[in-house]
Amino acid sequence: CLAKDYALWASKEGNTCRQSNNNQPIGVALLGDSHAEHAYPGLNARVNVGLRYFMQNSVPVLSNKSYEELLRSIAKDNDIKKVVFMVRWANKGVDAPNLAETAKFLIDNEKNVFFTDGIPDYPFGAFGCKFRRALFLPNKCTIERNQHDKINTDINKKLDFIKTKVPGVVIIKTANKFCNKIECS
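Residues numbered from 1 in each chain as written. Predicted model: local features only at pLDDT ≥ 70, side-chain atom pairs only at ≥ 80, totals over all residues. Heavy atoms only, no water.

## Some details on the sheet that holds strand E3 (residues 50-55)
What holds strands together in a sheet is hydrogen bonding between their backbones, with the strands either parallel or antiparallel.
Move 1: Spatial strand order, E1-E3-E2-E4-E5-E7: six strands in an open sheet with mixed pairing. Of all the strands in the sheet, just strand E1 (16-19) and strand E7 (170-172) have a single pairing partner and so form its edges. The sheet shows a mean angle of 20 degrees between the axes of neighbouring strands, taken without regard to direction.
Move 2: Looking at chain direction, strand E2 (residues 26-32) and E3 are connected through six bridges and run parallel. Bridge assignment links Val 28 to a residue of E3, and that residue is Leu 51.
Move 3: Here helix H3 (residues 65-76) sits on the sheet and contacts E2, E3 and strand E4 (82-86); the angle it forms with E2, its principal contact strand, is near 160 degrees. (Pairing = 2+ DSSP bridges. Helix = DSSP H or I, 4+ residues; strand = E, 2+ residues; numbered from the N terminus. Axes fitted to C-alpha atoms, helices over the stretch in contact; angles between N-to-C directions. Contact = heavy atoms within 4.5 Å.)

Right under this line is the structure:
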């Protein structure tokens, strides 16, 4: 995130910016909270263009002053062709009207815009699932599928609203990839 416009944003408290080091122009911007951050390594290994992610503990919309400057910089960056939004929607909420406005702004600036429905909203930390404090303590690292479906249905309705309002938006369904018919893990 050495480019002038991005370095300034990344220098502010609470903002994180990382980029791939594969000598490719940055063609994809990944925006969101810690869910975008944990998706970065996998995406970076799969895409054959440069990837830059921007993380902050809020929803990346133009009406959010902490993201407005960054979104305007991305819009005028000719190398960035794709913008992916990945947020813990169950926690932050899907602000469909402002996300639609932001998506339209980016599309009007010749960006392809993608939203993921994220991952299941787990009521436990991943660290506790991998590193248990004591073997005799119970360790539940799954949620029931119906609990996930109840939350995710509302999220997808709001993401579909954005897609309906802004032609060209693509919704990537990722949350169900963590589930079988009974549970999500």
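From this point, the discussion proceeds with the structure in view.
## A few points about the pattern of salt bridges
Move 1: Summed over the entire model, instances satisfying the criterion amount to eight salt bridges.
Move 2: Close ionic contact of Lys 12 with Glu 69 constitutes a salt bridge, the shortest N to O distance being 3.5 Å. Of the two residues, Lys 12 is situated in the loop between helix H1 (4-10) and E1 and Glu 69 in helix H3; the sequence distance between them amounts to 57 residues.
Move 3: For Glu 68, the salt bridge goes to Lys 65, with nearest N and O atoms at 3.4 Å. You can see Glu 68 and its partner Lys 65 sitting in helix H3, three residues apart, about one turn around the helix.
Move 4: Each of Lys 65, Glu 68 and Arg 72 takes part in salt bridges that share partners, so that together they form one network. (Salt bridge = Lys/Arg side-chain N within 4 Å of Asp/Glu carboxyl O.)

## What to know about the packing of H3 against helix H5 (residues 96-108)
Move 1: Following both chains from N to C, one finds H3 and H5 inclined at 25 degrees, their axes separated by 9 Å at the closest point. By the angle between their axes, H3 is roughly parallel relative to H5. Here H3 runs over H5; the crossing is right-handed. Only Thr 102, Phe 105 and Leu 106 of H5 make contact with H3, whose side of the interface consists of Leu 71, Arg 72, Ile 74 and Ala 75.
Move 2: Split by residue class, the contact of H3 with H5 holds five nonpolar, one polar and one charged. (Parallel < 35°, antiparallel > 145°, perpendicular 65-115°, else oblique. Left-handed = near helix turned anticlockwise from the far one by under 90°. Nonpolar A, V, L, I, M, F, W, Y, C, P; charged D, E, K, R; others polar.)

## Some points on helix H2 (residues 34-46)
Owing to its 3.6 residues per turn, the α-helix aligns residues three or four sequence positions apart on the same side.
Move 1: In a regular helix each residue adds 1.5 Å, so 13 residues correspond to 18 Å; H2 covers 19 Å between its end C-alpha atoms and thus fits that length.
Move 2: The complete set of buried residues in H2 reads His 35, Ala 36, Ala 39 and Tyr 40.
Move 3: On its buried side, H2 packs onto E1, E2, E3 and E4.
Move 4: Its side-chain oxygen at 3.0 Å from the backbone nitrogen of His 35, Asp 33 defines the N-terminal cap of H2. (Expected span 1.5 Å × (residues − 1). Buried < 20%, exposed > 50% of the residue type's maximum accessible area, 1.4 Å probe, protein only. Polar contact = N/O pair within 3.5 Å; in protein donor to acceptor, adjacent residues only side chain to side chain.)

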